Amino acid sequence: MSTTIKVIVFDLDGTLYEDTHHFAYYAKRIEEKLSEDKREKFRSDYEAVLSGHHPLKIGSVYDVQRDLILLVRDGVVKEAYHWDGTKLTANEIQTIYPNKITVNLDNMFSIGDLWWVPSSIGRHYGLNNEDTYQAFLETRKYMMSPQFQMKPINGLLETLTEIRDDIKLVLMTNSPKPDSEVILEKLGLSMCFHKKIFEAGKPVKTAERFEWIARIYAVRFDEIMSVGDNLLNDIIPARNLGCKTIYIDSHKIGNEESADIVVDKLKDSLEVLRKLANPLH
Ligand SMILES: [Mg+2]
């Protein structure tokens, strides 16, 4: 990497830890909010998504209002499926989506990570945004409790400690502050960041946030590196501005072109991060 990186922006969930057992808890909280006759259907859909036997997949988009699952490239709907897997024809797609679509956090979900799977299935079975957000908050509360044990990524704390004198480290997460701070504490990373942005509103506000970061640190976009596991939230908007990117593609939905560096796990990029601070070593 030829330019000097002066700021690294890290996502939190799915990036700074790899634990996934809280998703089962989250799915359970959503299931409980459904009427009894829908719970079994919810469970079997959730299992089907996890095992790859459902049209809803990480990397797809869920149109809540039309109850359609979309495959989208650059905003253009390329394929669309009903919940049962029936594919829409090109004509039908053209009629329903004549223009580019924009994802949002209310009714056009980018299924960018596992957080979106239980909530989308819950919405399909009639829950509203408040119900699923409530389940999310209950899950974050559980994650704050001592019962939820987390496994820090080997070498991460050491790496961040080593580079933080040379490079500004920013945490930028969509999650609220209280639970995120507890998670950082559990991971031993509380003291690592120069700045922490909570409830960041990615992807809608990603660009705005990066512009702010560039301004406060007086750096160019190509001197900022964005590290995250969600292509749409963490990578594409940062890349469009000219930032460097490391994409943690644990679900294998991208390819080598998706970011400057693509890894399965953050651990595989620690050496790269260390070299950013000491380019000669
Ligand atoms: Mg994430």
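Residues numbered from 1 in each chain as written. Predicted model: local features only at pLDDT ≥ 70, side-chain atom pairs only at ≥ 80, totals over all residues. Heavy atoms only, no water.

Per an unreviewed UniProt entry, the chain is named FMN phosphatase YigB (HAD superfamily), and its organism is [Anoxybacillus] calidus.

A. View of the coordination of the magnesium ion. Looking at the magnesium ion, the protein donor atoms are Asp-11 (OD), Asp-13 (O) and Asp-229 (OD), and they sit 2.1 to 2.2 Å from it. Residue Asp-13 is classed as buried on the basis of its relative accessible area of 9%. (Donors = N, O, S within 2.8 Å, 3.2 Å for Na, K, Ca; no water. Buried < 20%, exposed > 50% of the residue type's maximum accessible area, 1.4 Å probe, protein only.)

B. Seen up close, the sheet that holds strand β2 (residues 61-63). Taken in spatial order, the four strands of this open sheet run β4-β3-β2-β5, and their pairing is antiparallel. The outermost strands of the open sheet, each flanked by one partner alone, are β4 (76-81) and β5 (108-110). Going across the sheet, the axis of each strand differs from the next one's by a mean of 30°, ignoring polarity. Where β2 lies against β5, three bridges are found, and the strand directions are antiparallel. (Pairing = 2+ DSSP bridges. Helix = DSSP H or I, 4+ residues; strand = E, 2+ residues; numbered from the N terminus. Axes fitted to C-alpha atoms, helices over the stretch in contact; angles between N-to-C directions.)

C. Inspection of the nonpolar core at higher detail. With 60 residues, the main nonpolar core has Ile-8, Leu-16 and Phe-193 as its most contacted residues. When residues of this core are assigned to domains, at least three map to each of domain 1 (7-18 + 152-277) and domain 2 (22-144). Beyond its immediate sequence surroundings of up to four residues, Ile-8 is in contact with Ile-163, Ile-167, Lys-168, Leu-169, Val-170, Met-225, Val-227, Leu-273 and Leu-276. Core analysis: the next-biggest nonpolar cluster, separate from the first, contains 14 residues, Val-7, Val-9, Met-172 and Val-219 among them. (Core = buried A, V, L, I, M, F, W, Y, C linked by side-chain atoms within 4.5 Å. Domains from an automatic or database assignment. Contact = heavy atoms within 4.5 Å.)

D. Representation of helix α7 (residues 177-187). Three or more residues of α7 are buried, namely Asp-179, Ser-180, Ile-183, Leu-184 and Leu-187. Taken around the axis of α7, the buried residues stretch over an arc of 140°, which confines them to a single face. In α7, those exposed residues whose orientation departs by more than 90 degrees from the buried face are Pro-178 and Glu-185. Where α7 terminates, the next one or two residues include Gly-188, which has phi positive at roughly 75°. (Arc of directions from axis to C-beta.)

E. Highlighting the domain arrangement of the chain. According to the domain assignment, the chain consists of domain 1 (7-18 + 152-277) and domain 2 (22-144). Counting residues at the interface gives 18 residues for domain 1 and 16 residues for domain 2. For the pair domain 1 and domain 2, the two sides together bury roughly 1400 Å², of which 63% comes from carbon and sulfur. Of all residues in domain 1, Asp-179, His-251 and Ile-253 give up the largest surface area on contact with domain 2, accounting jointly for 28% of the area buried on that side. Viewed at the interface, domain 2 and domain 1 are joined by two salt bridges. Note that Asp-179 and Arg-140 form a salt bridge whose closest N and O atoms lie 2.5 Å from each other. There are five residue pairs in polar contact (both at pLDDT 80 or more) connecting domain 1 and domain 2. Broken down by element, the residue count for the side of domain 1 that touches domain 2 peaks at six residues, all from α7. Split into classes, the residues belonging to the side of domain 1 that touches domain 2 amount to nine nonpolar, four polar and five charged. (Buried area = accessible area lost by both parts, 1.4 Å probe. Salt bridge = Lys/Arg side-chain N within 4 Å of Asp/Glu carboxyl O. Polar contact = N/O pair within 3.5 Å; in protein donor to acceptor, adjacent residues only side chain to side chain. Nonpolar A, V, L, I, M, F, W, Y, C, P; charged D, E, K, R; others polar.)

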